[in-house]
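Inside the fold
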Amino acid sequence: MTHPAVIDELMTLVDPGKVLTDPASLEAYGKDWTKHYPPAPSAIVLPKTLEQVQAIVAWANRHQVALVPSGGRTGLSAGAVAANGEVVVAFDYMNQILSFNEFDRTVVCQPGVVTRQLQQFAEDHGLYYPVDFASSGSSQIGGNIATNAGGIKVIRYGMTRNWVAGLKVVTGKGDLLELNKDLIKNATGYDLRQLFIGAEGTLGFVVEATMRLDRAPRNLTAMVLGTPDFDSIMPVLHAFQGRLDLTAFEFFSDKALAKVMGRGDVPPPFDTDCPFYALLEFEASNEDVANDALATFEHCVEQGWVLDGVMSQSETQLKNLWKLREYISETISHWTPYKNDISVTVSKVPAFLRDIDAIVAQHYPDYEVVWYGHIGDGNLHLNILKPDDMSKDAFFASCARVNKWVFEIVERYNGSISAEHGVGMTKRDYLGYSRSADEIACMKAIKAVFDPNGIMNPGKIFAPE
Ligand SMILES: Cc1cc2nc3c(=O)[nH]c(=O)nc-3n(C[C@H](O)[C@H](O)[C@H](O)COP(=O)(O)OP(=O)(O)OC[C@H]3O[C@@H](n4cnc5c(N)ncnc54)[C@H](O)[C@@H]3O)c2cc1C
C-alpha cells in the first residue's frame, strides 16, 4: 500500500476533496464488471485537467506508485481493477464535450464522456456515433479507446479505432503527446495514436480524444430469424450480405433467449421455438431495400435455413427486437458467467464453433452454456453459467482448467483469445495463444518506451514476471 504521507502529497496536486480513501470508494472504484478480483486500491484520484493528470504521473514516477486508469468500469477483463494497492485515476470530472466541427464531423471529448452522451450529441446534430453496445450508458470514451471497443455495429462501421481522429495522451513517462492532429491523411511515420488505442491503459492516459461522426442512418430496420441449427446461420449471413448493406448481424442461442424471456419485460420475436436466432439490421432507405430483404428471407426459408422470422415495422418494434440481443449480458450476469470472447475469420466460424462446442460439452457437462455474439464479425461470446450451489472461486477454477483446450482450438484456427473485451488480468496468462513470443517481446519493448518505470496499469495484458 502507498504510504499515507505520499497520499497526502497527492492531495496537493488536485482540487480539494478529489482524493478518496474511504472504504466505499475504494471498493466501488477498485473493480470493473468482472468482479473476480477483490479490489484493494490505496486511493482514488479524480483529476479535472490534463495538467493535473501530468502532475499525478510525475508524482507516481517519483514515488514508484502504480496507477490504474479507470473509465466507466464496465470492462469484462479486469483491466480497470486495482487489486494490489495501486492508485486509481478516474475521469468523472473530465467528462465534457469540448467542441464540435460540423465540416470535419468531429467532436473533441474529454476521456470521461459517457459513450451514450456522445451518441446523443451526434443525434442532436443530425449525425451518428456508431460504436454501440449494451454498456454504452455507463462506459466512457477513454475506456472505449483503451479497449478498442467493438459492439453491435462493427460489421458496417468497424471498431472504436476507426472513429478516433486524434488523441492527446499523457504517457507513463509524463509526456503530453498530441497524436495525429485529427487529420484524415497523415503519412509522417509511425501512427502512435493507434498504439494507444487498445493499450488498456498500459502506455499512458487518454486525456482528450477527437471522435469522428457519420451521417445518420435512414430507417433502420431489424429482422430476427430462427434457424434449425447453427450451420444455417452462416448461409443466412451470406445470402443477406449478397443483397443488402447490413449494419448488424448478431446471433444468440435458445438458452440466451430463454434467459431474456425469463425477465418478463420483452415480447418474444415469434411463436416457433428454434435452437438459434440471427438478428440482422439494415437501412430500409427505400421500398426496394425492404423488398430485397423480404425476398432474401423467403429464399432462406425455401433453402431450409430459416424456420420463422419477423421484421420490425416501427421504432418500438426495432427497439424490442434489439432488446432480445442487448439484454443477454446483463440478464445472465445474475449467474456470474465465466466469459470467453473469441474470434476467427468469418469463413471459419462453423467449423470453429463445432470444435469448441465438443470441448465444452465434454468438459462442462453439468454447466449451463450460453452462446451469443457478433457473428457477422466472427466474434463468439461463450458464457458458462455458475451453478447456484457452487462457490465463485471453485467455479472459476474449474472453468480456467478448460481454457487450455478452448484456446488450443483458437490457436489452431489462427483466432484471437480476446476479440473485443481486452486481455486485462483475466486473459493475460493465455496471451501466447494469440501472440508469438517475438510479438510479445516487441509489445513489452514499446511499453518500456512510454512507461520506463512500469507505473501504468502493471499486471494488465502481460503477466507479472
Ligand atoms: C453488459 C455489457 C455489454 C458489453 N458489450 C460489449 C460489446 O459488445 N463490445 C465491447 O467491445 N465491449 C463490451 N463490453 C465491455 C466494456 O463495456 C467495454 O470494454 C468498454 O469499452 C469499457 O469502457 P469503460 O469506460 O467502462 O472502461 P473501464 O472498464 O473502466 O476500463 C477498461 C480499460 O481501459 C482503461 N482505461 C479507462 N479509461 C482510460 C483512459 N482515460 N486512459 C487510458 N486507459 C483507460 C482501463 O485501465 C482498463 O484497462 C460490455 C460490457 C458490459 C458490462
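Residues numbered from 1 in each chain as written. Predicted model: local features only at pLDDT ≥ 70, side-chain atom pairs only at ≥ 80, totals over all residues. Heavy atoms only, no water.

An α-helical turn contains 3.6 residues, so any two residues separated by three or four positions project in the same direction. The end-to-end C-alpha distance of helix H11 (residues 315-326), which contains twelve residues, comes to 16 Å, matching closely the 16 Å that a straight helix rising 1.5 Å per residue would cover. For H11, the set of buried residues is Leu 318, Asn 320, Leu 321, Trp 322, Leu 324, Arg 325 and Glu 326. (Helix = DSSP H or I, 4+ residues; strand = E, 2+ residues; numbered from the N terminus. Expected span 1.5 Å × (residues − 1). Buried < 20%, exposed > 50% of the residue type's maximum accessible area, 1.4 Å probe, protein only.)

Moving on: the environment of Leu 50. As for its placement among the helices and strands, Leu 50 is situated in helix H3 (residues 50-63). For Leu 50, a relative accessible area of 15% puts it in the buried group. When the C-alpha atoms of Leu 50 and Ser 329 are compared, they prove to be 34 Å apart, with 279 residues separating the residues in sequence. Residues contacting Leu 50, with those up to four places away along its chain left out, are Met 94, Lys 168, Val 170, Leu 176, Val 207 and Glu 208. (Contact = heavy atoms within 4.5 Å.)

In total, this model carries 18 aromatic pairs according to the counting rule given. Note on Phe 100 and Phe 121: the rings are 5.5 Å apart at their centroids and 80° apart in plane angle, and the pair reads as edge-to-face. Residue Phe 100 is located in strand E5 (residues 97-101), and its partner Phe 121 is located in helix H4 (residues 115-124); the two are separated by 21 residues in the primary sequence. An aromatic cluster is defined as three or more aromatic residues linked by ring pairs; in this entry it consists of Tyr 338, Tyr 364, Tyr 367, Phe 395 and Phe 396. Its end group placed over the ring of Trp 335, Lys 259 keeps NZ or CZ at 4.0 Å from the ring centre. (Phe/Tyr/Trp six-rings, centres within 6.5 Å; stacked < 30°, edge-to-face > 60°. Lys NZ or Arg CZ within 6 Å of the ring centre and 35° of its normal.)

Looking now at the site of the ligand. Surveying the vicinity of the ligand reveals 36 residues, the closest of which are Pro 69, Gly 71, Gly 72, Thr 74 and Ser 135. Take Thr 147: an N or O atom from its side chain is 2.8 Å from an oxygen atom of the ligand. Between Glu 200 and the ligand, the recorded distance is 3.2 Å, taken from a backbone N or O atom to an oxygen atom. Compared with its free state, where it exposes 970 Å², the ligand has 97% of that area covered by protein. The set of elements that each furnish at least two residues to the shell around the ligand consists of strand E3 (67-70), helix H5 (141-147) and strand E10 (204-212). The element contributing the most residues to the shell around the ligand is H5, with five residues. Split by residue class, the shell around the ligand holds twelve nonpolar, 21 polar and three charged. (Near = heavy atom within 4 Å. Polar contact = N/O pair within 3.5 Å; in protein donor to acceptor, adjacent residues only side chain to side chain. Areas by Shrake-Rupley, 256 points an atom, 1.4 Å probe, with all protein chains shown as cover. Nonpolar A, V, L, I, M, F, W, Y, C, P; charged D, E, K, R; others polar.)

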